[in-house]
Structure formats: structure tokens, C-alpha cells
Amino acid sequence: MTTRLRQNAREAIAALALVVLFTGYIAIHPRGFSTYVVTIWSNEGTLLGLAAIAQFFVVLVKGIDLSVGSVVALTNVVASFVLNGSPTSIALGMVAVLAVGVACGLVNGIAVVHGRVQPIVTTLATGGMFSGIALLLRPTPGGSIDETMSDALTYAVAGIPVSAIVLVVVLVALLVLLRRTTVGLGLYGVGSSEQSAYMTGLRVNRLKLVAYSSSGFVAALAGIYVSMVTLTGDPNIGPSYTLNSIAAVVLGGVALSGGVGSPIGAVIGALILKTISSLMFFSGLPPLAQPFFEGLILATAIALGALGVFRVRSRLELYR
Amino acid sequence: MTDATERTVTPRKSPPWLNRDRMSVLLIALGCVALLLGGSLLYPGFLKPGYLLQQLQIAAFLGIIATGAMMVILLGEIDLSVPWTITGTAIVVISASGSSNPLIASLAIPLGLCLGMAVGLLNAIGVAVFRVPAMVWTLAVNAMLLGAAVFYTGNSRPNGEVPWLATQAATGRSFGIPNAFLVWAVLAAITVWMLKRTVYGNYLYALGNSRRAVFLAGARVHLVTVATFVLAGLFSSFGAILLLGYTNQAYQGMGDPYLMPVISAVVIGGTSIQGGRGNYVGTFVGAIFITLLSSILSVMQMPPAARQIIFGAIILVMLLIHGLTDKNGDI
């Protein structure tokens, strides 16, 4: 038990912080602990949580994805065209949206793996292209989404928000894939040490492509869920998702140097960020001061997470 | 690959004078020529000296900010707090300059530069002392600056006065050449000297290549990191003051459109995003390339969406050319 806790210390600390913040939020909220409050919180948390998982996949193989938000925006816009009509056409539309997401991820992956361009600059360029396409398809927010499906996915069943169920299902599926399959373990291997992974005989390039397309797939899930919550396609939602997904991943104990962390950590980080901004809304601080405190709390949280550096025995360990 | 062994020079076929750095500069310069020729086909006024000088003037704002960004990238870090360092500086300068107290009004520009250096120091503390990844820490600093600016201005456009010196430097001309470009040229010369001829410059490249080796060699790693971030903040606020003189107003989000072009200018100029490699001439020409590209796209009256796609595609193609032609590691 203790070893397991020590192995997952970063996630555990993040989870503890989340519990404290969430308790504070419920205590402050005028309506207290109710299905309504928790559902809203969970819906918003799921949006960022899925974006954070998308970021996690790329960070796992030592990359960084500055196009996550653009993929979310693009798939959201595509969803606003196709997620309507008969059940069959909605199902086909779903497949189309997910395919768009995977294609975006693959473009990033191919440029990184075969074009040998660094992830950060690749995704900087492709992110601009993806959000450009989204803007071209739908210059202003609009479109229509099947409302029955939206209701089914954004309300609560027996007091439990459907979004939370969706998120847990996605997490369990991903955990099984990451911890129990060759491909999943291979991703951790590539992230920890590309050279060792290569010499062990792992197909490093193919695994990286898997990581990037998985990222696109989960980003498309986020895009679909955005359209469920907002009932429109909005091409301009990208930037905040990109930046917050990176912050979420780091808060959740995923190492930007690759190979360390889990999707659970990424989701916990996303929920922390969401709770902080909701907390601000009800905190009684003047509205104009809220963005500053949001930034301050974010910076403090990140700095606290980094306090481990003061415990290292030799400073040489810090310079890798 | 961060291993030092990956970075050592290997024998190659190209002639000795055409090393990797010069290759990048040549490539990007050819890109500029192609843009100019293509532009002149579409729009006859393109090759007129008046238009070209105006492009150099606009490129100066981007170029000065990119100078700071390049140093941070050479170090192997990245500075995402550029947008609100720009906006914050503009707000501070315009408010101080409009102050009724003559002392504060006369110190407007130094105050703006101090703000930039303070932001750089804050960035450096997070990166050097707490060892937070620069990408995340500078993002958080950016968020705090945004918050502080919103709180200070009350979400409205700050009132005040643009200092005379800033207007002159940004829009005036000496001997027919825009002052902004002259300022940039001087700063560029200083930067090249600093990077090539000083101990600081050597440490900067060395740190970008192998932090571990530089630490073991006994260099003061923290000092170089702090100096670089402070310099980057200084360059950002310097560019912001010129930008303020050019736009003649400060507004929320005036720095936001600069982050991507700045990083693009540095990277397509051949500076390795992993640090340790790159030369300033590349960044200089890169800034001109980015300015010409966005100017041509706006002359062609493209819708913003198409402009974004083409901009992204061209940058990606330039990067792919680098990545596929360079046999010696990644960009």
C-alpha cells in the first residue's frame, strides 16, 4: 500500500489538493452540495479533462502539443454540421468527427516522426492551420446539435452526472490500454528513453504515431463533448484549451520530460484548474481582481509541485 | 535527443563555408526573395522603396522582440510571457507618461523597461530556482500579468500619453530610413557582439548544448539563466515601447498576436528550439520573412481564416525543409 502510494505520490498530492479545493467550492457555493452544482462542475471539468488527456498522450512520448485546442475547436465545428438528424446519421457523424481528430493527430505525428521537426514548433504551425480550417468552415459560432442526445449526455442519472460517468469510462479504458497492452507499455518505454526503447526492438516511430493519433482521437471526444454542452460549433474556443491542458498535465504530475504520469493525473489537474476558476467566481473577490488571483494560484500550485528540487542530494541531478 | 554526442559535428558533403547556420540563413533569404517576386506579380507597388522601407519598419518591432525570444530559446527554454509583457509595458508607459507628476512622466520609458526586466526576473526565478519547466512557468506568469493589467485598467483602454521619444523612434525617419529599423540594426549589432564575442554568449550556447557539462565546468548556471531571462524581458519591453509609439495607443491584448510570429521568426531562422544552436542573422532575416509574408497575405485580401492556414502551412514547409535536409539532428 505504502509503496503504491509512494509510486503515485504526485497524483496523490494533486488529488488531495483537488479534494480541498472542491470542499471549499461547495462550502462557498450558495446552493451547496446539490446535483445541479456538481453536474455543472463535472460537465466543465470533463471538457478540460478530455483535452488534458489528449495533451497527456503527446507529453508521454516526450512531445508537447500546442494544437490540442485547435483540434478541439475544429472537431467541435465539424460536429456542429454532422451531429443531427436520424440516429444513423448521428452515428456516422460521430465517426466522421473522430476521424477528423485522428487525422489531425496523424498530421502532427508524421511531421514530428518523419519530417523530424520538433513537436513544439510542428504543433505551433499545424495549430494555426487547424483553427484556420475551423474558421473557414464556420466563421461565426452556430450550427445545430441533436438536443435529445445533448440532454442525455449533460444531465445527471440517479444523482451522478453523466459527464462524470463518461470520463470514468474513458479513463478506465485508457488505463487498461496503457498498463495492460504492449502498445501502452511501449508508449511509456519510448517516453522514458527513446534510445533504450529502440534498442529493445520497439518500433519507436510507429508508437509515436500511435501516441499522436490517440491524442487527436481524445481531442475529438472533447470537441464532441463541447458541442453537447454548448449546442453550437465555435471556431474560437481553441487557445484556452491548449494552455490549460498543458497546465493541467503538469499539475497532475505528468513529467514534461516524458514517460511519467497517467491520464488520471491529467484529469485531476484539469479538475483542479476548473475548480480554481469556479471558486474565484463565488469567492467575493472583485471581478476585476479574479484573473490575477487565478494566475497567482496557478503559479503557486506549480511552484509547490516543484518543491522536490530542494530535497535533491546532489545538484548535478538537476542538470540532465 | 538531448545527448551531447548527438550534437557533435560529423563530417558531411556540403562545402565547408556552407555550414548549417549559413544554410538556414540562405534558405530563409531565398524565401524572402521568392515572397517579394511573387508579391510584385500580384501587386506592382511591391518592389517600390517606400513599401520596402515600411516593411522594414514593421519588421523592427517583431525583430526586437524576437531577439529576446531567441536568447531564451538558445538557452533551451522558452518564454511564453511575451504577449502580456508587451501589453503590460505599453500600459505602464502610457499611464506614467500621462501622469501629472513631471518626474514620473519623464521616467515613463525607463519604468517600462524596468517592468520588462522584472518580468524576466520572475520568469528566471521559477525556471532557475524552482526548476519548473519554462513552458509552464512563463505561461503562469503571463496569466498573472494579464490579471494585473485587467485589475489596473479596469478592463478599459488605459488613458495617457505616448512619450515623444517613442513616437519618434517608431515612426520617424533619419536620412530616409525608418528610425525603428535603425534602432533594430543597432540592437542587432550589439546582440551579435554579445553572442559571439563575450563570455556570456559562449556560456549561453554551452548551456543550451549541455547544462550538465557547463555546471560541472564550474560556471554559474543560475547567473546566466537569470541574465538571459532579464535580457529577454528587456527586449520585449523595448519592442513594446516602439510598438506603442507606432500604434499611438495601448489596449488589452495588443501583445497577443505577437507570440506565434516571434517564435516562428526565431525557429525558421534556424535556431534550434532545443537550444544551443542558431545565429542571430537567421532571426533577423526570419523576422523580415514573417513580416513580408503577413503583409502579402493581407494585400491579397485573404479572409483571416485562409491567411492563418497559409501562414501555418508555409512555416511548416520551411521547418520540414530544415528537418529533412539537416542530417545532424533535429530542429
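This text follows the structure it describes.
Residues numbered from 1 in each chain as written. Chains lettered and ligands numbered in written order. Predicted model: local features only at pLDDT ≥ 70, side-chain atom pairs only at ≥ 80, totals over all residues.

With that settled, the discussion passes to the overall build of chain B. What chain B contains, in helices and strands, is 15 helices and two strands. Expected size for 331 residues packed as a compact globule is a radius of gyration near 20 Å; at 20 Å, chain B falls within 12% of this value. Overall, the C-alpha framework of chain B stretches about 65 × 55 × 40 Å when taken along its three principal axes. Here chain B holds 331 residues, and 52% of them are scored as buried. Once local pairs closer than 6 in sequence are excluded, the contacts in chain B between residues at least 24 apart make up 77%. (Helix = DSSP H or I, 4+ residues; strand = E, 2+ residues; numbered from the N terminus. Rg over C-alpha atoms; globule rule 2.2 N^0.38 Å. Buried ≥ 20, exposed ≤ 12 C-beta atoms within 10 Å, placed from the backbone. Contact = placed C-beta atoms within 7 Å.)

Now for the nonpolar core. Side chains that are nonpolar tend, in soluble globular proteins, to be buried together. In terms of nonpolar packing, the biggest core is built from 201 residues, with Ala51(A), Ala222(A), Ala69(B), Leu242(B) and Val262(B) touching the most fellow members. Contacts of Leu242(B), omitting those with residues within four sequence positions, involve Ala60(B), Phe61(B), Ile64(B), Ala166(B), Ala169(B), Ala170(B), Ala180(B) and Val183(B). (Core = buried A, V, L, I, M, F, W, Y, C linked by C-beta atoms within 7 Å.)

On to unusual backbone geometry, then. Phi is positive for Leu231(A), close to 60°, though the residue is something other than glycine. Note on placement: Leu231(A) falls in the loop between helix 11 (204–230) and helix 12 (238–251). You can call Leu231(A) partly exposed: it has 16 C-beta atoms within 10 Å. If you check the backbone angles, Asn248(B) has positive phi at about 65° while not being a glycine.

A separate point is the interface of chain B and chain A. Interface size is commonly expressed as the accessible surface area that is lost when the partners come together. Chain B puts 44 residues into the contact, and the matching count from chain A is 43 residues. Sorting the residues of the side of chain B that touches chain A by element identifies helix 7 (134–153), helix 11 (211–216), helix 13 (259–268) and helix 15 (304–325) of chain B as the ones contributing at least two each. With 14 residues, the top contributor of residues to the side of chain B that touches chain A is helix 15 of chain B. Among the residues forming the side of chain B that touches chain A, the class breakdown is 32 nonpolar, eight polar and four charged. (Nonpolar A, V, L, I, M, F, W, Y, C, P; charged D, E, K, R; others polar.)

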